[in-house]
Amino acid sequence: MKKMLSLLIALLASANLFAQEVEMADALRADGKIYVVVAVVSAMLAGVLFYVIRLDRKITRLEKDAGDK
Amino acid sequence: MKASWWKILCIALLFYTVIMGFLGPVPRLPILNEGIRNLYFHVPMWFGMMMILGISVVYSIRYLRDPRLAHDDIAVQSAHTGILFGALGLVTGMIWARFTWGAWWVNDPKLNGAAIAMLIYCAYLVLRNSLEDEGQRARISAIYNIFAFSTLVPLLFILPRLTDSLHPGNGGNPGFNVYDQAKFMRPVFYPAVIGWTLLGVWLTQLHVRLRKLQRVAEEKSEAVAS
């Protein structure tokens, strides 16, 4: 009897762990808005990396000038 | 740009991280929800920090054995980048904490350990600033760096595991790799670690090259003046 009761409680308590009950960003995926998120973050990343590359080029130029002199 | 294969790899891996980080599958866990994707940003900051501060201490030791300023340059700039990554790790961690635990900060051994570790490295920068002579600055800060790095392992990895902690992987909590579906996250997680760390190395290299140029320019102006 005790075992059956514990089993029942365990089943009920674990109900909130069923996959479809966990809130995820399914709506964003369904209407494609997740691609907006990806685009925005990628754009920011591209901006930062462009800056880093520009800096790298500037330093290379300075090194070349210093080397020639 | 000083062309390197690893810079191209860094760019590719970071875009991969950002795109797959949001589009890829993740375990559906309560409380965490989509926030689990922070794993691709928060954890690589700390992994990257450890590797870059590791490089820093290696070059500090190299300086002590062979006192070339080039070694000191790498040691100090790696420390700077390491501190940046640590700070970003703290910020991303605080954002995650706010959404998962309900508070920006908790009195937790892992969090406090990370904050203390950051303070220890900031003290390294303060120490450097207080010393005028180049050689003395490099020598003394190199010795401090060895002690500073030695505190990281106990503070971040040992102490939090010895006692109660909210942080995943410590104090009796499971890390994410116990979840069966974590296998979906590994193909994005490991490239993310490599990508973010390579970015740190790239930034460090840029600063080291700048330091060298500044020193050359200073020596030239001194030669002209005399």
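Each chain has its residues counted from 1, following the order in which its sequence is written. The lettering of chains begins at A and the numbering of ligands begins at 1, in the order of writing. In keeping with the predicted nature of the model, local features appear solely for residues at pLDDT of at least 70, side-chain atom pairs appear and are counted solely at 80 or more, and the whole-chain, interface and lining totals rest on all residues. Just so you know, side-chain values use all the structure's heavy atoms and leave hydrogens and water out.

**Quick notes on the interface of chain B and chain A**
The contact criterion used throughout is that any non-hydrogen atoms of two residues lie within 4.5 Å. On the side of chain A, 28 residues touch chain B, which itself brings 26 residues to the contact. Note: buried area is the sum, over both parts, of the accessible area (probe 1.4 Å) each one loses when the two are combined. Carbon and sulfur atoms make up 73% of the surface buried where chain B meets chain A, a total of about 2,600 Å² over both sides. In the sections that follow, a salt bridge refers to a side-chain nitrogen of Lys or Arg positioned within 4 Å of a carboxyl oxygen of Asp or Glu. The interface formed by chain B and chain A holds four salt bridges in total. Here Asp26(A) ties to Arg28(B) by a salt bridge, and the two come within 2.7 Å at their closest N and O atoms. In protein, a polar contact means a hydrogen-donor-capable atom and an acceptor-capable atom, both N or O and within 3.5 Å, with residues adjacent in sequence counting only if both atoms are side-chain atoms; elsewhere, any N or O pair within 3.5 Å suffices. Along the contact surface separating chain B from chain A lie seven residue pairs in polar contact (both at pLDDT 80 or more). Of all the secondary-structure elements, those providing two or more residues to the side of chain B that touches chain A are helix 1 (5-23) and helix 6 (186-225) of chain B. Gly is put with the polar residues, along with every residue not named as nonpolar or charged; the nonpolar set is Ala, Val, Leu, Ile, Met, Phe, Trp, Tyr, Cys and Pro, and the charged set is Asp, Glu, Lys and Arg. In terms of residue class, the side of chain B that touches chain A is made up of 18 nonpolar, one polar and seven charged. Under the DSSP-based scheme used, a helix requires at least four consecutive residues in state H or I and a strand at least two consecutive residues in state E, with every element numbered from the N terminus.

**Points about the layout of surface pockets**
Grid points spaced at 1 Å over the protein atoms alone were grouped into cavities, where a 1.4 Å probe fits but cannot get out, and pockets, open sets with protein on both sides within 12 Å along at least five of seven lines, with lining residues defined by an atom within 4 Å of a point. Grid points are joined across faces, edges and corners, and a volume is the space filled by probe spheres set on the points. Approximately 1,200 Å³ is the volume found for the largest pocket. In terms of lining, the largest pocket is formed by 42 residues, of which the most central are Leu39(B), Val43(B), His167(B), Pro168(B) and Phe176(B). For the lining of the largest pocket, the elements supplying multiple residues, two or more each, are helix 2 (42-65), helix 3 (69-100), helix 4 (109-130), helix 5 (134-162) and helix 6 of chain B. For the lining of the largest pocket, the residue count by class is 29 nonpolar, 10 polar and three charged. In this structure, the second largest pocket spans a volume of roughly 690 Å³. Contributions of two or more residues to the lining of the second largest pocket are made by helix 2 (26-30) and helix 3 (34-68) of chain A together with helix 1, helix 3 and helix 6 of chain B. Residues that form the lining of the second largest pocket fall into these classes: 22 nonpolar, three polar and three charged.

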